[in-house]
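Here's the letter readout for the chains.
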Amino acid sequence: MGKSALITGITGQDGSYLAEFLLEKGYTVTGIVRRLSSPNLTNLSRVLDRVRLIDGDLMDQPSLSQAVKAAEPDEVYNLGAQSFVGTSFAQPVLTGEITGLGALRLLAAVKEVAPDARFYHASSSEMFGHVESEPQDETTPFHPRSPYGVAKVYAYWACVNFREAYSMFVSNGILFNHESPRRGLEFVTRKITDGVARIATGKTNLITLGNVDARRDWGYAPDYVDLMWRMLQAKEPGDYVGATGESHTVREFLEAAFAAAHIADWERYIKTDAQFKRPSEVFNLRGNPAKARRELGWEPKTRFSELVRIMVEADLKRQNGSG
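We now turn to the structure provided with this report. In this text the structure is predicted, and so the values were computed from the model without any measurement. (Residues numbered from 1 in each chain as written. Predicted model: local features only at pLDDT ≥ 70, side-chain atom pairs only at ≥ 80, totals over all residues. Heavy atoms only, no water.)

**Examining the nonpolar core**
Reasoning step 1: Ranked by internal contacts, the top residues of the largest apolar core, which has 59 residues, are Leu22, Tyr77 and Phe258.
Reasoning step 2: If we skip the residues at most four places from it in the chain, Leu22 touches Ala5, Ile7, Tyr27, Val29, Tyr77 and Trp229.
Reasoning step 3: Residues Ile54, Ala67, Cys159 and Val170 belong to the second largest nonpolar core, which totals 22 residues. (Core = buried A, V, L, I, M, F, W, Y, C linked by side-chain atoms within 4.5 Å. Buried < 20%, exposed > 50% of the residue type's maximum accessible area, 1.4 Å probe, protein only. Contact = heavy atoms within 4.5 Å.)

**Some points on the packing of helix H1 (residues 13–24) against helix H7 (residues 221–233)**
Reasoning step 1: Two elements in contact, H1 and H7, have axes whose closest approach is 9 Å; the angle formed by their N-to-C orientations is 65 degrees. The handedness of the crossing between H1 and H7 is right-handed. Counted together, Gln13, Asp14, Tyr17, Leu18, Phe21 and Leu22 of H1 and Ala221, Pro222, Val225, Asp226, Met228 and Trp229 of H7 form the full contact between these two elements.
Reasoning step 2: Of the residues belonging to the contact of H1 with H7, the class tally is nine nonpolar, one polar and two charged. (Axes fitted to C-alpha atoms, helices over the stretch in contact; angles between N-to-C directions. Helix = DSSP H or I, 4+ residues; strand = E, 2+ residues; numbered from the N terminus. Left-handed = near helix turned anticlockwise from the far one by under 90°. Nonpolar A, V, L, I, M, F, W, Y, C, P; charged D, E, K, R; others polar.)

**Concerning unusual backbone geometry**
Reasoning step 1: Cis geometry marks the peptide bond from Glu134 to Pro135; its omega dihedral reads 0 degrees.
Reasoning step 2: Mapped onto the elements of the fold, Pro135 is located in the loop between strand S5 (118–124) and helix H5 (147–166).
Reasoning step 3: Non-glycine residue Glu72 carries a positive phi angle of around 45 degrees.
Reasoning step 4: In this structure, Glu72 sits in the loop between helix H2 (61–71) and strand S4 (75–78).
Reasoning step 5: The phi torsion at Ser167 lies on the positive side, around 55 degrees, for a residue other than glycine.
Reasoning step 6: For Ser167, the position within the fold is in the loop between H5 and strand S6 (170–175).
Reasoning step 7: Judged by its relative accessible area of 67%, Ser167 falls in the exposed class.

**Some remarks on the packing of aromatic side chains**
Reasoning step 1: Applying the stated criterion across every chain yields a total of 13 aromatic pairs.
Reasoning step 2: Seen from their ring centres, Trp218 and Phe304 are 6.2 Å apart, and the 25 degrees between their planes marks the pair as stacked. Of this pair, Trp218 sits in the loop between strand S9 (215–216) and strand S10 (219–220) while Phe304 is found in helix H10 (residues 304–319), placing the two residues 86 residues apart along the sequence.
Reasoning step 3: On the basis of relative accessible area, Phe304 is assigned to the buried category, the value being 10%.
Reasoning step 4: Ring geometry for Tyr224 versus Trp298: centroids 5.3 Å apart, planes at 70 degrees, classification edge-to-face. Placement of Tyr224 in helix H7 and of Trp298 in the loop between helix H9 (290–296) and H10 is noted, with a sequence separation of 74 residues between them.
Reasoning step 5: Connected via pairs of aromatic rings, a cluster forms that spans Phe128, Phe142, Tyr156, Trp157 and Phe176. (Phe/Tyr/Trp six-rings, centres within 6.5 Å; stacked < 30°, edge-to-face > 60°.)

**Describing helix H4 (residues 92–113)**
Reasoning step 1: Helix length check: H4, at 22 residues, gives a terminal C-alpha distance of 30 Å against a target of 32 Å (1.5 Å per residue), a fit within 8%.
Reasoning step 2: Its axis deflected by about 40 degrees at Leu101, H4 carries its strongest bend there. (Expected span 1.5 Å × (residues − 1). Bend = angle between axes of the 7 residues up to and from the residue.)

**Quick notes on the pairing of strand S1 (residues 4–8)**
In regular strands, side chains alternate between the two faces of the sheet.
Reasoning step 1: Of all five residues in S1, five are buried, a share of seventy percent or more.
Reasoning step 2: Burial along S1 is two-sided: Ser4, Leu6 and Thr8 and Ala5 and Ile7, pointing in opposite directions, are all buried.
Reasoning step 3: This β-α-β element, S1 to H1 to strand S2 (residues 28–33), shows right-handed connectivity.
Reasoning step 4: Relative to S4, S1 is paired through four bridges, and the arrangement is parallel. Each residue of the ladder has a partner; that of Leu6, found in S4, is Val76. (Right-handed = clockwise from strand over helix to strand, strands pointing away. Pairing = 2+ DSSP bridges.)

**Quick word on the sheet that holds S2**
Reasoning step 1: Overall, parallel pairing links the seven strands, which are arranged S3-S2-S1-S4-S5-S6-S11 in an open sheet. Of all the strands in the sheet, the pair left with one neighbour each is strand S3 (52–55) and strand S11 (239–242). Adjacent strand axes in the sheet meet at a mean angle of 20 degrees when their direction is disregarded.
Reasoning step 2: Relative to S5, S4 runs parallel, the two sharing four bridges. The partner of Glu75 across the bridge, within S5, is Arg118.
Reasoning step 3: The strands touched by H5 within the sheet are S5, S6 and S11, with S5 carrying the most contacts at an inclination of about 155 degrees.
Reasoning step 4: Packing against the sheet, H7 makes contact with S4, S5, S6 and S11, and its axis sits at approximately 140 degrees to S4.

Okay, structure coming up:
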């Protein structure tokens, strides 16, 4: 009999890749989705007929308890969040409710209904925020620089508390930026690759960005869902950094993206605008995945240039109507 998994955020980038990954391993997969008039199920198109979707909301405790009861999960993956840092400055309370308290509500539901289920929580490198040393690992102090980062710190410690207070199997994946063609257009990486594809197909001649000198540790999302799964197969719960160990600037991402589309003189297509800069920026995030490598045998497989190429080629196909 295969295992059963419950995923919040199943329609997002990570959730959809995780659903595909678990189905390949023989899991029964259930996802919690918010009831919307027009739900966006595009990311699940490959497996929509193989997953069970249940209405629920991270802001509604009873719906979470009902979803856990219906799914009878062996493993729970909490990937749902208001996950865009820029939006968190405009809607800090909503971000706290969903990203912070939402994790606590789900923890409480699992404790009540399925206390033996193993629980994965999607933490974030944005918790580190203002860092004074790099690379960052599981011992690096948190200094979040956005309401999103603050909410993720709350959720992280809620997970640690449930693990210690109730002996639940709860693990935090402190994942650094991971991208793919399924990344939302509001994120800078997709904004760039979609913009490059539009320029290549003659649909625009400009990409407007904020801080192009910020550095991030960018990996490929499918590599990271493998880490999520490995964390719940471990003998003991714990907290793990997921990262490539390399960092690149937004400027470097731009260079690689335009090169992948064979467009020269890329700087003439870029405009910077202060409205896209945040009240408090995070400049230099680079993770150390040594613990995950040592204890879980996990390694990121996709290098930076390959990641950018994958994303640009997918967006070129979309813009050409073939993707």
